[in-house]
Amino acid sequence: MPKSALLTTKLHCPPPPAYRVERCRLAQRLNDGLNLNRPLTLVSAPAGFGKTSCVGEWVRGLDGWPIAWLSLEPADDDPARFFAYLLGALQNVRPGVGQEIVGVLHTGHLPPAGVITATLLNDLLQPEDGRAGPLLLILDDFHVIQHPFILQVLEQLLDNLRPPLHLVLITREDPPLPLARLRADNRLTEIRAGHLRFSDAEATRFLNDRLHLALSPADVARLQEKTEGWVVGLQLAALALQGAPSPCRETDPTRFIASLRGSHRFILDYLTEQVLDRQPPNIRRFLLQTAILGRLNGDLCNAVTGREDGHSLLDSLFSANLFLVSLDDEGQWYRYHHLFADLLRSRHGALSKEEVAALHLRAARWYAEAGMADSAIDHALAAEAYDLAVELLETHALAMIRQGYAETVNGWLQAVPAAWRCQSTRTDLAFAWMHLLRGAYAEAAPYLEQVEAALAEAGPSASSMDSVNAEWLAMRSLVRQMEGDPAEGEKLARAALATAPVQDAHARSLAYFALGSVLRLVESTIPAVDAHREAIRQARAAGNPVVEMLSTVGLAGMAFEHGRLRLAVEITEPVVTRLEHAGRTPPISGVLYGILGEAHYQWHRLEDARRYSLRALQLSTLGGYNSGRIICRIYLARLAQMEGDLETATRELQQVGDLVPERLPDYVRQELVAQQVRLYLARNRPDAASLALQGEGFTWEESLAGERAAHFRAFAFPERPQGNGIGHAAGLLYNSGLRLLLHEALASGDEDGLPGGVALAGRLLDAATEGGYLLVALEALLLRAQMRAAMGDIAAAAADYRQALQQAAPEGIVGVFVEQGPPVAEALATLLEQDRLGDVARDDVERIIALTHTPSTTTAAPEAPLEPLTERELEVLRLIAEGLKYKEIAAKLFISLNTVRFHIKAIYGKLGVNRRARAVEKARRLRLL
């Protein structure tokens, strides 16, 4: 909800009443709470005890305490509305507070309670300028707040609130907060009805000095006894006495006071009748007619009553102290005292039901013309004008849901009879869209079904439903994409585009977005780019920032996945800059920050990568996007692993566990498993890596070979569906399978599985190249190079390294090389030394080598074997250098395959290496060959 849409009258301390009385004892009690650093002051008493006036008088006398005031009403018991107003009140005195939450609320999302609490506390206690300063937050009429989510946030705030922050709750009843614990810990100041009752001295000042009644001390004492110091009772009594005929003024007050009998409610009814009955008929009628309004101003009152003197009449009623409370300093907006308003409404029996409905209808129309849709809908429902209510809902529901008022809109829908509710197809679409944005596809389904039923009832010839039908088709397309049926998703998206009227930019933006999304999914890149660009153009024309943002994310994501890092940043940075300057960063923009983080990771600008990734995590958390939070944790784990911090990388992935729902989108699950495998291998846990991949269809079957039944693991991988390429996330997953295969071969000295790995790497490389997934192709090249080197095919390995370097150079990509670690760096160093780089720039290679993480406990390589090689080991070493495979060595030397493995393991140990190419290189340097 934009701050400009907030009713500013709710964000200011009400002006003082016309006849106020200073109450120093209450001010001192309230000051004590501040001086003792108690975080909460509770002012709790029934209606009519002067709670708001008391606190207002107190804060006007405070020096050095910025005041954030919020007057609540029943409609504020909607979390999104409550927090929009709460932040508006806080930002009146601290402009930067909660800006992140505001950005989320603008998109119709509600952050988790813990996130709201942490963000508010951080902003209040650790502001950007470093100076927290005092702040007093006052929530008036807090008894209207019953929503568990709001109460949960406030309880968390109270648990962590520290000086110089202070919260004041003004309420008719104690809120369900841990008051007993706060009281026991001396963290609570309380003002109760007993404190608020007028003393005899205060009653005398009020009745005689302010209202000039000249009552005797005995009359004041008796009136005090009758009303028990109840402020509103004294005020009503004073009004009754002022209006009573007084042939004998010195005795009439005494008789009048003596006649008061009964409970507070009886006295109140009696005194109200005394006050109302003495008003002229036109004033009584005005009071009864306008009692339907929560707020009053002259134009609104004129529209409801048909009068023309609303402004002057409100001014005169306020001056007469007739229970009218000013809501601003300009005298434009007022409200009736709550008790007085209740009593006026209870007397609506004096008006016919038809007249009351007509009053509400006039109010609804006035609010609708004034652009206050929420108040207009409330009054339309009260008037049972369901045609107007549905019209307003269909016009404003989507915007209000985007502002976060989902619960409010849902309440309105429930208030509309079923016969009318089924006509509100646009409202159903609004709710469906809200759930789709959050990834809650199952929750969107009932609303889409209701739209489908409405479309079926209207029939295919109802052209008036074309826009609704187009939006419904687009949303169904998104659902089918999520459910893993891109073919049906594309069919639905194209049907949406064919159905959407040419002039309806909103419907067409949704259709193009759905089409772009599914084309990206099936790796039809250029048409997907065109569709997203058109979605952005149509969204701008329709004023739909959500679809514009989503399609921008789609374009930037495709650019990154295809290795166009510079283009991805070129698309992303201006949007991010614009959002930050505007102070509005919706949760979906977290994807943009994630893309920036990944680009800087590939450029090895690790601090920038971490900063962007943490920002993406914060926004995803604010929006409650579990998929986004998981992806961000994967980014951070990958970053920590590149830096050699495996403990931090492990912790990042451990935090993912609580976020994984029953079903993850394929791309999220694939990236998660890929990173798990890489981290397991870095920690030398191949069995755990194998288990993780088995869930994705990769297998390692035990097979028997050799004369002593030695075993090796046969690698198998899931085939891609016929005609399907390989996307970025799937490519990372397949490359992780190759990593495990390479790790197993090097650890065991068994090369039998490597030819299959080289073949798979080639197929993967072809598919990634065909689809334009550069980062996947680069990684496949590097893995194939290492496998070829392990098999002794040094020339082919060198060719793969050169190809990878050539393809990475235009975009400045180095991260995919550095994350492979020392093996690739050493191979590149060898090519550099041997001047076998071809046309690859030496500077690029030298930078990769310099950036590659090496263990901190490095020592110079020994110039001799740890122990001499035996004659048989030297024979095996010479055959390795000739490029023979294990089986060929076994046949040539007439020994078993297991014996070959035994000798090779001994050779590696004595030379201090772990693979064939290094063993040959080291042996040549030591002149063993």
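Residues numbered from 1 in each chain as written. Predicted model: local features only at pLDDT ≥ 70, side-chain atom pairs only at ≥ 80, totals over all residues. Heavy atoms only, no water.

Turning to the packing of aromatic side chains, a few remarks are in order. Counting across every chain of the model gives 6 aromatic pairs. Ring plane angle 85 degrees and centroid distance 5.1 Å describe the contact between F82 and F83, whose orientation is recorded as edge-to-face. Each member of the pair, F82 as well as F83, carries the same accessibility label: buried. When the centroid spacing of 6.1 Å and the interplanar angle of 90 degrees are considered together, the rings of F83 and F149 count as edge-to-face. With F83 in helix 3 (residues 79-93) and F149 in helix 6 (residues 148-160), the pair connects residues that are 66 residues apart, well separated along the chain. Through successive ring pairs, a cluster of aromatic residues spans F82, F83 and F149. (Phe/Tyr/Trp six-rings, centres within 6.5 Å; stacked < 30°, edge-to-face > 60°. Buried < 20%, exposed > 50% of the residue type's maximum accessible area, 1.4 Å probe, protein only. Helix = DSSP H or I, 4+ residues; strand = E, 2+ residues; numbered from the N terminus.)

With that settled, consider helix 46 (residues 897-911). In this model helix 46 runs 21 Å from its N-terminal to its C-terminal C-alpha over 15 residues, within 8% of the 21 Å that 1.5 Å per residue would give. Here helix 46 has its buried residues at L897, V900, R901, H903, I904, A906, I907, Y908, K910 and L911. (Expected span 1.5 Å × (residues − 1).)

Here we take up unusual backbone geometry. Unlike most non-glycine residues, E384 shows phi in positive territory, near 55 degrees. Along the chain, the position of E384 falls in the loop between helix 19 (373-382) and helix 20 (386-402).

With that settled, the discussion passes to the environment of Y334. Assignment of secondary structure puts Y334 in strand 7 (residues 334-336). With a relative accessible area of 4%, Y334 lands in the buried category. Along the backbone, Y334 and T9 are 325 residues apart, and their C-alpha atoms lie at a distance of 9.1 Å. When near neighbours in sequence (up to four residues on either side) are disregarded, Y334 contacts R295, L296, L314, D315, F318, L324, V325, S326 and L327. Polar side-chain contacts of Y334 include one of 3.0 Å to the side chain of D315. (Contact = heavy atoms within 4.5 Å. Polar contact = N/O pair within 3.5 Å; in protein donor to acceptor, adjacent residues only side chain to side chain.)

For the structure on display, the rule yields 41 salt bridges. Two residues, E534 and R537, come together in a salt bridge whose shortest N-O distance is 2.6 Å. Of this pair, E534 and R537 both sit in helix 28 (residues 525-542), 3 residues apart, which is roughly one turn of that helix. The exposure class assigned to E534 is buried, which follows from its relative accessible area of 19%. R678 serves as the salt-bridge partner of E779, at 2.5 Å between the closest nitrogen and oxygen. In this pair, E779 sits in helix 39 (residues 774-790) while R678 sits in helix 35 (residues 666-682), placing the two residues 101 residues apart along the sequence. With a relative accessible area of 8%, R678 lands in the buried category. Here the salt bridges share partners, and the residues they tie into one network are K10, E73, D76, R81, R295 and D374. (Salt bridge = Lys/Arg side-chain N within 4 Å of Asp/Glu carboxyl O.)

As a further point, take the nonpolar core. Among the nonpolar cores identified, the biggest contains 137 residues, and F82, F83, L86, L120, L139, F817 and L828 are the most heavily contacted of them. Per element, the largest residue contribution to this core is 13 residues, and it comes from helix 39. Here F82 is in contact with L72, D76, L139, I145, I150 and L154, once residues within four sequence places are set aside. Among the nonpolar cores identified, the runner-up in size contains 94 residues, and L359, V416, L478 and Y512 belong to it. (Core = buried A, V, L, I, M, F, W, Y, C linked by side-chain atoms within 4.5 Å.)

Before going further, it helps to examine the sheet that holds strand 2 (residues 67-71). The parallel open sheet is built from 5 strands, whose spatial order is 2-3-4-1-5. In this open sheet, the two strands that pair with only one neighbour each are strand 2 and strand 5 (188-191). Sheet twist, expressed as the average angle between the axes of neighbouring strands with direction ignored, equals 15 degrees. By the bridge criterion, 5 bridges tie strand 2 to strand 3 (residues 135-140) in an arrangement that is parallel. Paired with W69 across the bridge in strand 3 is I138. (Pairing = 2+ DSSP bridges. Axes fitted to C-alpha atoms, helices over the stretch in contact; angles between N-to-C directions.)

Okay, helix 19 next. Each α-helix turn comprises 3.6 residues. Residues three or four places apart therefore point the same way. Among the 10 residues in helix 19, 8 count as buried, and that is most of the element. Along helix 19, the residues classified as buried are A373, D374, S375, A376, I377, H379, A380 and L381. Of the residues flanking the end of helix 19, it is E384, one or two places downstream, whose phi is positive at about 55 degrees.

Atom-level detail of predicted coordinates should not be read off regions where pLDDT is low. When pLDDT is averaged across the chain, the result is 83; 88% of the residues are at 70 or more. For residues 702-712, every residue scores under 50 in pLDDT, and the model assigns this stretch 19 contacts once sequence neighbours within four places are set aside. Confidence over residues 855-862 falls short of pLDDT 50; this stretch has 1 contact with residues more than four positions distant or in other chains. (pLDDT = per-residue confidence, 0-100.)

Bringing the side chain of N208 into the picture now. Positionally, N208 belongs in helix 9 (residues 200-210). Here N208 falls in the buried class, since its relative accessible area comes to 16%. Only 3.1 Å separates the side chain of N208 from the backbone nitrogen of A214, close enough to count as a polar contact. Discounting chain neighbours no more than four positions away, the residues touching N208 are L213, A214, L215 and V220.

With that settled, consider the pairing of strand 4 (residues 165-171). On a regular strand, each side chain points to the face opposite its neighbour's, so the side chains alternate between the two faces of the sheet. Burial analysis of strand 4 places 7 of its 7 residues in the buried class, the great majority of the element. Of the two faces of strand 4, the one lined by L165, L167, L169 and T171 and the one lined by H166, V168 and I170 are each fully buried. Bridge count between strand 3 and strand 4: 5 bridges; the pairing is parallel. Its bridge partner lying in strand 4, L136 is registered against H166.

Bringing the side chain of S71 into the picture now. Of note, S71 is situated in strand 2. A relative accessible area of 15% places S71 in the buried class. Only 3.0 Å separates the side chain of S71 from the side chain of W69, close enough to count as a polar contact. In this structure, S71 is in contact with K10, H12, D76 and D140, ignoring residues within four places of it in sequence.

Our next topic: the packing of helix 44 (residues 871-881) against helix 46. The interhelical angle for the contact between helix 44 and helix 46, taken along N-to-C directions, is 90 degrees, at an axis separation of 10 Å. When the axes of helix 44 and helix 46 are compared, the pair comes out roughly perpendicular. On helix 46, the residues touching R872, E873, V876, L877 and I880 of helix 44 are H903, I904, A906, I907 and K910. Across the contact of helix 44 with helix 46, the residue classes break down as 6 nonpolar, 1 polar and 3 charged. (Parallel < 35°, antiparallel > 145°, perpendicular 65-115°, else oblique. Nonpolar A, V, L, I, M, F, W, Y, C, P; charged D, E, K, R; others polar.)

Packing of helix 9 against helix 10 (residues 217-227) brings their axes to within 10 Å, and their N-to-C directions diverge by 110 degrees. The angle between the axes of helix 9 and helix 10 places the two elements in the roughly perpendicular class. Crossing geometry of helix 9 relative to helix 10 is assigned as right-handed. Across the interface between the two elements, D200, A203, T204, L207 and N208 of helix 9 pack against V220, L223 and Q224 of helix 10. The residue inventory of the contact of helix 9 with helix 10, partitioned by class, reads 4 nonpolar, 3 polar and 1 charged. (Left-handed = near helix turned anticlockwise from the far one by under 90°.)

Now for the pairing of strand 1 (residues 40-44). Taken across its 5 residues, strand 1 has 5 buried, putting it largely inside the fold. Residue alternation in strand 1 divides its side chains into two sets, L40, L42 and S44 and T41 and V43, and both sets are buried. As paired elements, strand 1 and strand 4 share 5 bridges and run parallel to each other. If you follow S44 over to strand 4, its bridge partner there is T171. Of the strand pairs in this sheet, strand 1 and strand 5 are connected by 4 bridges, and their pairing is parallel. Bridging across to strand 5, T41 finds its partner in T189.

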